[in-house]
Amino acid sequence: MDLGYRRSGTVLYRSSLLETCCPPYAIRLDSTNFICSKSQKKVIKKVFNFLVPNIEERQKIRKSYPDNPTTIEELLLPIDNIEDLKIELSPSEYNEESFELYKSYQMSIHKDKEEDVKPDGFKRFLCNSPIEIESVPSLVTGGYGSFHQKYYYKGELIALSVLDILPESVSSVYFMYSPEYEKLSLGTFSALKEIQLTLQLQKQLPKLKYYYMGLYIHNCPKMKYKAEYHPSYLLDPSSLSWVSFSECEDKLDEAVKSKELYTPLISNSPQPLPHPFEWCAKHPGFVNIESIDKSHLYDLKIQMPTLDERKNRVLKVFPGEFIIKYFEEDNDFINHFKEAFAALGPELAYDIVLSC
């Protein structure tokens, strides 16, 4: 995550900022220094008032808590103790209840057709994950892995967050809610709850302090809200340094006005691709395929079918140089291995056997 990767189902990907009209920057929040804004406090108040419609009851509850709450824990404390709202964390597994919520959300909010919203798509997108559950009983979450954080109001599932809980961060993958509760601003409320969860984990694991909010596109109105969680940081893809949003906001504004496709967040920062192979060896997936020469493939180990002395079909591992030179006129064949080399990175590509 700290290298700008995101997850969609079992796929980990990193956006190419040089090849898109709207460069998406990875964005994260330092939960230990989070400052709740006025608008975010209003959302907390809105949810609280919904859960406790009786004014006298509200006043009675508030008297039990600090008069001037400042931290996110203090602000959410009155809501956390309301029995009508239950929040449960469970592994990201499929069930009909979650799928029906997803279906309702996709059809109402994203205008998907009913026939296009299927259980297999939900499983593939929001249940399947390459991150295995690792049990850590001492953690408030019970361990690391991919989870569904479910919000129940009076027993009804009204919202669901898909979260990756990792040794140094909590990453928000997706969020959905029942259209019936759209006015509650549950997207903002869930983000605040996830920041609260990150802080709870951070108290147990000091390194776990970052809350990843996905990708940020500066000229996309629907993504502006992500930068409203302070302090947020954007990843400069050239230097892989995290830059405070407040420091680069003016630069991004200027880029939008001038219609620049990609804006380095650090002055004199080089273009993000290609990276030198020495660096890419430690960070697979960053090699630009255009920078790969055939000679880079010579040290690969390539398994191919061949015939033995008795003319039986067998698999044999050949030196990459032999195979690449033998098929050097077949560009499709060569590109197959260039793509594998780019995806794996040199260090791993040279260490394993590739098959075709």
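Criteria and thresholds
Residues numbered from 1 in each chain as written. Predicted model: local features only at pLDDT ≥ 70, side-chain atom pairs only at ≥ 80, totals over all residues. Heavy atoms only, no water. Helix = DSSP H or I, 4+ residues; strand = E, 2+ residues; numbered from the N terminus. Buried < 20%, exposed > 50% of the residue type's maximum accessible area, 1.4 Å probe, protein only. Areas by Shrake-Rupley, 256 points an atom, 1.4 Å probe, with all protein chains shown as cover. Lys, Arg positive; Asp, Glu negative; His and termini not counted. Charge placed at Lys NZ, Arg CZ, Asp CG, Glu CD. Domains from an automatic or database assignment. Axes fitted to C-alpha atoms, helices over the stretch in contact; angles between N-to-C directions. Parallel < 35°, antiparallel > 145°, perpendicular 65-115°, else oblique. Left-handed = near helix turned anticlockwise from the far one by under 90°. Contact = heavy atoms within 4.5 Å. Nonpolar A, V, L, I, M, F, W, Y, C, P; charged D, E, K, R; others polar. Pairing = 2+ DSSP bridges. Core = buried A, V, L, I, M, F, W, Y, C linked by side-chain atoms within 4.5 Å. Patch = residues over 30% accessible without salt bridge, like charges linked within 9 Å, V, L, I, M, F, W, Y side chains within 5 Å. Salt bridge = Lys/Arg side-chain N within 4 Å of Asp/Glu carboxyl O. Phe/Tyr/Trp six-rings, centres within 6.5 Å; stacked < 30°, edge-to-face > 60°. Lys NZ or Arg CZ within 6 Å of the ring centre and 35° of its normal.

Description of the overall build of the chain
Right, so step 1: Secondary structure summary: the chain contains 11 helices and 14 strands in total.
Right, so step 2: C-alpha extents for the chain along the principal axes are approximately 90 × 50 × 45 Å.
Right, so step 3: Burial analysis of the chain (356 residues in total) assigns 44% to the buried set.
Right, so step 4: With the model as given, the accessible surface of the chain reaches about 19400 Å², and the carbon-plus-sulfur share is 50%.
Right, so step 5: Of the side chains in the chain, 42 bear a positive and 51 a negative charge, and the two mean positions are spaced by 4 Å.

Notes on the domain arrangement of the chain
Right, so step 1: Taken domain by domain, the chain consists of domain 1 (6–258) and domain 2 (276–355).
Right, so step 2: Computed from C-alpha coordinates alone, the two centres of domain 1 and domain 2 are separated by 41 Å.

Considering the packing of helix 1 (residues 38–51) against helix 3 (residues 72–80)
For any two helices packed against each other, the geometry is given by the interaxial angle and the distance between the axes.
Right, so step 1: Contact geometry for helix 1 and helix 3: axes closest at 9 Å, N-to-C directions at 15°. Of the possible angle classes, the one that applies to helix 1 and helix 3 is roughly parallel. The hand of the helix 1/helix 3 crossing is left-handed. Every residue of helix 3 that contacts helix 1 at Lys41, Ile44, Val47, Phe48 and Leu51 is listed here: Ile72, Leu75, Leu76, Pro78 and Ile79.
Right, so step 2: Per-class residue counts for the contact of helix 1 with helix 3 are 9 nonpolar, no polar and 1 charged.

What to know about the pairing of strand 13 (residues 313–319)
Where a strand is regular, its side chains alternate between the two sheet faces.
Right, so step 1: Here strand 12 (residues 301–307) pairs with strand 13 via 7 bridges, running antiparallel. Across the sheet, the residue bridging to lysine 301 is proline 319, located in strand 13.
Right, so step 2: The turn joining strand 12 and strand 13, which pair antiparallel and follow one another in sequence, is formed by 5 residues; a positive phi near 65° is taken by lysine 311.

Some remarks on the pairing of strand 10 (residues 232–236)
Right, so step 1: Most of strand 10 is tucked away, with 4 of its 5 residues classed as buried.
Right, so step 2: With 3 bridges joining them, strand 3 (residues 25–30) and strand 10 adopt antiparallel strand pairing. Within the sheet, the bridge partner assigned to isoleucine 27 lies in strand 10 and is leucine 234.
Right, so step 3: Here strand 10 folds back onto strand 11 (residues 241–244), and the loop between the two strands holds 4 residues, one of which, leucine 240, carries a positive phi near 55°.

Regarding the nonpolar core
Right, so step 1: Counting residues in hydrophobic clusters, the biggest one holds 69 residues, and the most contacted among them are Met176, Leu186, Phe189 and Leu234.
Right, so step 2: With 8 residues, helix 6 (residues 186–204) is the single largest residue contributor to this core.
Right, so step 3: Not counting the four nearest positions on each side in its chain, phenylalanine 189 is found in contact with Val43, Val47, Leu76, Ile79, Leu85 and Tyr151.
Right, so step 4: If you look at the next biggest cluster of nonpolar residues, it comprises 15 residues, including Leu300, Ile324, Ile334 and Ala342.

Describing a negative patch on the surface
Right, so step 1: Judged by side-chain charge, Glu249, Asp250, Glu254 and Glu260 come together as a negatively charged surface patch.
Right, so step 2: Looking at where glutamate 254 falls in the secondary structure, it is placed in helix 7 (residues 245–258).

With respect to the packing of aromatic side chains
Think of a pair of aromatic rings as described by two things: how far the centres are apart, and how the planes are tilted against each other in angle.
Right, so step 1: Enumeration over the complete set of coordinates arrives at 21 aromatic pairs.
Right, so step 2: Between the aromatic rings of phenylalanine 125 and tyrosine 174, the centroid separation amounts to 5.1 Å while the plane-to-plane angle is 65°, which identifies the pairing as edge-to-face. Taken together, the residues span a long stretch of sequence, with phenylalanine 125 in helix 5 (residues 119–127) and tyrosine 174 in strand 8 (residues 169–177) at a distance of 49 residues.
Right, so step 3: Relative accessible area serves as the criterion here: at 26%, phenylalanine 125 is assigned to the partly exposed category.
Right, so step 4: Judged by centre distance (5.6 Å) and plane angle (20°), the ring pair of phenylalanine 318 and phenylalanine 322 falls under stacked.
Right, so step 5: Owing to a relative accessible area of 15%, phenylalanine 318 belongs among the buried residues under this scheme.
Right, so step 6: Residue classification places phenylalanine 322 among the partly exposed residues on the basis of a relative accessible area of 47%.
Right, so step 7: Among the aromatic side chains, those forming a connected cluster through ring pairs are Phe318, Phe322, Tyr326, Phe327, Phe333 and Phe337.
Right, so step 8: Above the ring of tyrosine 94, the side-chain terminus of lysine 123 is found at 4.7 Å from the ring centroid.

Quick notes on the pattern of salt bridges
Right, so step 1: Applying the stated criterion to the full structure yields 6 salt bridges.
Right, so step 2: Measuring nitrogen to oxygen at the nearest pair gives 4.0 Å for the salt bridge that ties aspartate 30 to lysine 209. Here aspartate 30, found in strand 3, pairs with lysine 209, found in the loop between helix 6 and strand 9 (210–216); they are 179 residues apart in sequence, far enough to count as distant.
Right, so step 3: Looking at aspartate 30, the relative accessible area reads 6%, which means it is buried.
Right, so step 4: Its relative accessible area of 24% is what places lysine 209 among the partly exposed residues.
Right, so step 5: Measuring nitrogen to oxygen at the nearest pair gives 3.6 Å for the salt bridge that ties glutamate 73 to lysine 203. One end of the pair, glutamate 73, is in helix 3; the other, lysine 203, is in helix 6, and 130 residues separate them in sequence.

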